[in-house]
Amino acid sequence: MTHDSGRTVDVTDAAGTIRDWVSSPVWATPCEDLDRFLALDGEPWGEGRWVLTNGPDVGPFKERLAAAHPIDEPAELPEIVEGGPVGWAVEGRAVSGTWRRRRTGWDGYVDWSAFCFTPEYRCAVAATVVEVDQAEWRTLEIATTGPFVLWLNGEVVLRGTTVSYMEPEVHRVRVRLPSRTSTIHVATWQVAFRECRHIVRLRVLGLPVRVVLPSPGADETAARLAGAVLETIASRSWAVEGTEGTLEAPPGVALRIRVSEGPWQHVVADDEGRVRYGLGEAEEMVDEGGDTERSAGASMLTSGESVVEVGVDDPRCPRTVALRVAVLPPGSRETAVGGPEQWRREVLAQVTGELAEEGIPRETGVASVLARHALDPATRVTADDVASALHRVVTRGDCADFEAVALVTAWRLVPAAQWDPGVRESVEEALTGLKYWITQPGLDAMCYFTENHQLVWHTAEYLVGSAFPDVAFAVDGRSGREHAAEGLVRAARWIERKLSGGFSEFDSNAYLAIDSYALVSLVELGEDEDLRAAATTLLDKILLTLTANSWRGIHGAAHGRSYVHTLRSSRYEETSPILRLIAGVGTLNDAVLPVTALALARRYEIPDVVRRIVSDPPPVWYGRQVYRGALAFERDLLARPYRSDVRVWRTPDVMLSSVQDYRAGLPGLQEHVWGATLGREAQVFVTHPANADTGSSARPNGWVGHRVLPRVHQERNALIHLQRFVDSDPARYTHLWLPLAQFDEHRVDGDWLLARRGDGYVAVATDGGLAPVTRGDVAFQEWRSASRGAAWVATVGSRAEDGSFDAWVERVLAGGLTWGAAGVDGPAVVWERSGEPDLALTFDGPFLVDGRPAGFVDGRPERDPHLDNPAVRLEFGQDEAIAAWGGATLRLPVGAAIAAADRAAERGAAVAGAALAGAGVAPAGGGPDGR
């Protein structure tokens, strides 16, 4: 006779949130009826197809789609039992799956979020069971980003129809919970246009309730003991090198561990609480649903992460915890070996798969075939080489523009005789059938409006149109010649704007690589000499700023857009392989298209001065970079000025960078506002978390971006960070990322946390001091303050500049910190520094350096420089500057390049004529897509 209870028991958290569920998989179907709601052609604006861009105004359109695709409400709901079957109906067809146990993150969301390259309708169901001893009235509060139906004990008690982008909508209903148990089912609906936040959270307001999940073979007493142990499991390093991972657990506990749904490993924690497990061929975590076929062109969507599932090794204890780790890509360097030709050869070998271990098949893909052709001109192009790129182009999946440029490059560089039968024809059909801008007919959710996609689309249209000038393109019947002219105008105007003012996605460690990819493609394949000249100058400027704002192959600057995995390890930065090609430092990772294009360049030459900036670092580098421009609705979906002011302090041992007062107090997205860099995985930064997610479909999320942007100001090697919280914050705190496993030593002293890696030092302080999180996959990597972290200070040092670590620590601690200021409502800091200028900041007041407001010259606000660092100074509107370093120089003829871009645009407009004007571009510049 067994005494197992057949269930597990937990309780709601302090806010009444149900954390324990069983959930279905996502059931997804392609959006094949969008033409019922939007016209294929005609004006895209107003009520037109621009809403498919997933921008801030997409909600009403998604609600129209939801009304036409209502959630099925079955007469009999599926039984709730862990591991049992779950059946439903979606779009009139029966679907099924298996209930899977889920323990939510701290924010309480059951999360099916995914990045979907093509539009799809999505449905998923979650269920749980609650138990009370006395019948009582309660309020159920549900938060979702899409329509839902909520059942209590088989009866519908609430429906919702609203759709939001990232912030969930909240709904409430008053219900009576009978004594004993009550079943809860929630069906959710979403439609995905690229990043799709698909979530649901349920709270029971009032006194806590039990959450009891039926689970065959489980015993609630044993499971509760196991659950308490699982709460202590710790993974001290998100970044893992090699094939073995390490966890910490109570000594003697038997655990089961599996990696990426692989076989269970059975281990016992040793006497010191260590658990070692094999990572083997750990595979990257894949989003649920969506088009999961990957392409090199979309590599910024890969994270390198694997899910490590851990449970107590007892069948009575079904609950597990999911930890995320990343097996780091090899082939990384912080110091250069060899010279430019070796670095180029290493890049090409990596792209072809030549550096892979024995037994791993040769890499396929367009970048690989281009690299193989560069190494062996007799290389043939096979169907496998272009399959992934063609899939993206033919399905009009997001990032098709990246692949279109790659395909037309292969078309131009590899002789026709070296293509397998039918392959070249399939590429021509795909490229001449693609849509190249939102104004052209067609219903799709490809991204046209982020800064990097704009240029890649224009480049693709120009190059493909030039390759097939007399072919009628299937999208609109216009000739390739006309499409090339349209692409020429748009590309030239884009380059003109960026030469003048810089990037809105400033220093993105994902998208600066994509900008470079498009520009070098224009230089190498473009036929317009003026366009090539303008693209060359802008590419020179990009590489100059990339190397000026990097440290030992790590693009450690503040970023306008970034992702969690690139902040935790620079080895995942898309800019990293470019730094490897330029100067022999950085990592050869999967972001292969941009670096391959640069490695194959013959017209474009990487300037020697950018190599010297990396190879000959000065004792101290302090640079400034200001970007200013204006967003326009018909290219950016927003209409307002943009500005960023990035500061970079670096020595051979450490780097500190930040963006000054960037949209402080407003909602954030993917901004990396400041960080200290001491190694590839030794990156230190603070964020204001918006949720518990770390994936690319939550923007902002737990570790990239800020729910509300802070105010940050930097003075050389030190900065102040102030955070204003709002009443709706799900996390009314900030947190610090400082992974102790990546440092050689550290100290905690009062409000200060101080750490050393090699000869580089970093110190961070906040009111009330800091303590590490000691469990989960952020153990001894995430740090919290009891005072919530409304104000922070940070500084860096090095042995060469500051002496020993002990001496530096003593000087830092000798300073004085005052948190708050008399008469000031909100966060404030006064920082009296030993031997260095005193700093002070309030959220609304000036940044004071030794009592004087920064940013003033002769008593008046300064005029921003565009670039100002030891290698170059360039003012806004200045026609030319000379960058000089290590005996090398680089001429930046900005004025001439702008004039060249203008001439190219006018020539293109003369060819495109009325068709271009109808596409929203004034032939001589100006207009919706003008300067």
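Quick caveat, the model's predicted, so the values are computed rather than measured. (Residues numbered from 1 in each chain as written. Predicted model: local features only at pLDDT ≥ 70, side-chain atom pairs only at ≥ 80, totals over all residues. Heavy atoms only, no water.)

### Points about helix α6 (residues 400–413)
For α6, with 14 residues, the first-to-last C-alpha span of 20 Å sits near the 20 Å given by 1.5 Å per residue. The element α6 is extensively covered by neighbouring structure, given that twelve of its 14 residues are classed as buried. The elements touched by buried residues of α6 are α4 (366–375), α5 (383–394), α7 (423–431), α8 (451–467), α10 (511–525) and α14 (592–599). (Helix = DSSP H or I, 4+ residues; strand = E, 2+ residues; numbered from the N terminus. Expected span 1.5 Å × (residues − 1). Buried < 20%, exposed > 50% of the residue type's maximum accessible area, 1.4 Å probe, protein only. Contact = heavy atoms within 4.5 Å.)

### Considering the sheet that holds strand β39 (residues 816–819)
A sheet is described by the order of its strands in space; here five strands give the open sequence β39-β40-β41-β42-β43, paired in antiparallel fashion. Only two strands of the sheet have a single neighbouring strand rather than two, namely β39 and β43 (852–853). When β39 meets strand β40 (residues 828–832), the two strands line up antiparallel, connected through four bridges. The partner of Leu817 across the bridge, within β40, is Trp831. (Pairing = 2+ DSSP bridges.)

### Topic: the packing of α10 against helix α11 (residues 529–548)
Remark: α10 packs on α11, axes separated minimally by 9 Å, with the N-to-C direction vectors making an angle of 150°. Considering their axes alone, α10 and α11 lie roughly antiparallel with respect to each other. The element α10 and its partner α11 pack so that their crossing is left-handed. Contacts between α10 and α11 involve Leu512, Asp515, Ser516, Leu519, Val520, Leu522 and Val523 from the first element and Leu531, Arg532, Ala535, Thr536, Leu538, Leu539, Ile542, Leu543 and Leu546 from the second. Within the contact of α10 with α11, the residues separate by chemical class into twelve nonpolar, two polar and two charged. (Axes fitted to C-alpha atoms, helices over the stretch in contact; angles between N-to-C directions. Parallel < 35°, antiparallel > 145°, perpendicular 65-115°, else oblique. Left-handed = near helix turned anticlockwise from the far one by under 90°. Nonpolar A, V, L, I, M, F, W, Y, C, P; charged D, E, K, R; others polar.)

### Concerning empty space enclosed by the protein
Under the definition given, this model contains five cavities of 30 Å³ or more. Put simply, the largest cavity is a space of about 60 Å³. Lining the largest cavity, in full, are Thr545, Ala548, Asn549, Trp621, Gly623, Arg624, Gln625, Val646, Val648, Leu867 and Asn869. Contributions of two or more residues to the lining of the largest cavity are made by α11, β25 (621–630), β26 (641–651) and β46 (865–869). (1 Å grid on protein atoms, 1.4 Å probe; cavity = no way out; pocket = protein on both sides within 12 Å on 5 of 7 lines; lining within 4 Å. Points joined across faces, edges and corners; volume = space filled by probe spheres on them.)

### A closer look at the environment of Arg493
Residue placement: Arg493 occurs in helix α9 (residues 480–501). By relative accessible area, Arg493 is classed as buried at 0%.

### A few points about the side chain of Lys435
Considering the arrangement of structural elements, one finds Lys435 in the loop between α7 and α8. On the basis of relative accessible area, Lys435 is assigned to the buried category, the value being 1%. A distance of 2.9 Å separates a polar side-chain atom of Lys435 from the backbone oxygen of Gly442. Looking at Lys435, its side chain comes within polar contact range of the side chain of Asp444, at 3.0 Å. (Polar contact = N/O pair within 3.5 Å; in protein donor to acceptor, adjacent residues only side chain to side chain.)

### Here we look at the packing of helix α3 (residues 340–352) against helix α13 (residues 576–583)
Between α3 and α13, the shortest axis-to-axis distance is 7 Å and the interhelical angle comes to 145°. Contacts from Trp343, Arg344, Glu346 and Val347 of α3 reach α13 at Pro577, Arg580, Leu581, Ile582 and Ala583. When the residues that make up the contact of α3 with α13 are grouped by side-chain class, the tally is six nonpolar, no polar and three charged.

### Observations regarding the sheet that holds strand β30 (residues 711–715)
What the six strands build is an open sheet, ordered β30-β31-β38-β35-β34-β33; its pairing is antiparallel. Both outer strands of the open sheet, β30 and β33 (745–749), are each paired with one neighbouring strand and no more. Looking at each pair of strands side by side, their axes are set apart by 15° on average, direction ignored. Sheet topology places β33 next to strand β34 (residues 752–757); five bridges connect them, and they run antiparallel. Looking across to β34, one finds that Val748 is bridged to Leu753. Here helix α18 (residues 805–814) sits on the sheet and contacts β33, β34, β35 (760–766) and β38 (791–798); the angle it forms with β34, its principal contact strand, is near 155°.

### Quick notes on the confidence of the model for the protein
On average, residues of the protein score 93 in pLDDT, and 94% of them reach the 70 mark or higher. Here residues 287–301 is modelled with pLDDT under 50, and outside its nearest four sequence neighbours on either side it reaches 59 contacts, counting other chains as well. Low confidence marks residues 918–931, where pLDDT is under 50. Its contacts with residues over four positions away, or in another chain, come to 35 contacts. (pLDDT = per-residue confidence, 0-100.)

### Side note on the pairing of β34
A large share of β34 lies buried, amounting to five of its six residues. Here β33 hands over to β34 after two residues, with Gly750 in that stretch at a positive phi of 60°. Bridging between β34 and β35 involves six bridges; their strand directions are antiparallel. Note that in β35 the partner of Leu753 across the bridge is Val764.

### Looking at the pairing of strand β2 (residues 20–23)
In β2, alternate side chains face the same way, and those of Asp20 and Val22 on one face and Trp21 and Ser23 on the other are all buried. Relative to strand β6 (residues 100–103), β2 runs antiparallel, the two being bridged by four bridges. When the bridges of β6 are listed, Trp21 appears paired with Arg102. Taken together, the two bridges between β2 and strand β8 (residues 114–132) define a ladder with antiparallel strand orientation. In the strand pairing of β8, Ser23 is matched with Ala126.

### Considering unusual backbone geometry
Going from Arg699 to Pro700, the amide bond is cis rather than trans, its omega being 0°. Despite not being glycine, Ser260 shows a phi value in the positive range, around 50°. Looking at the secondary structure, you find Ser260 in the loop between β18 (254–259) and β19 (265–268). One non-glycine residue, Asp661, adopts positive backbone phi at about 45°. With respect to the element layout, Asp661 can be found in the loop between β27 (654–659) and β28 (674–677). Residue Asp661 is classed as partly exposed on the basis of its relative accessible area of 35%.

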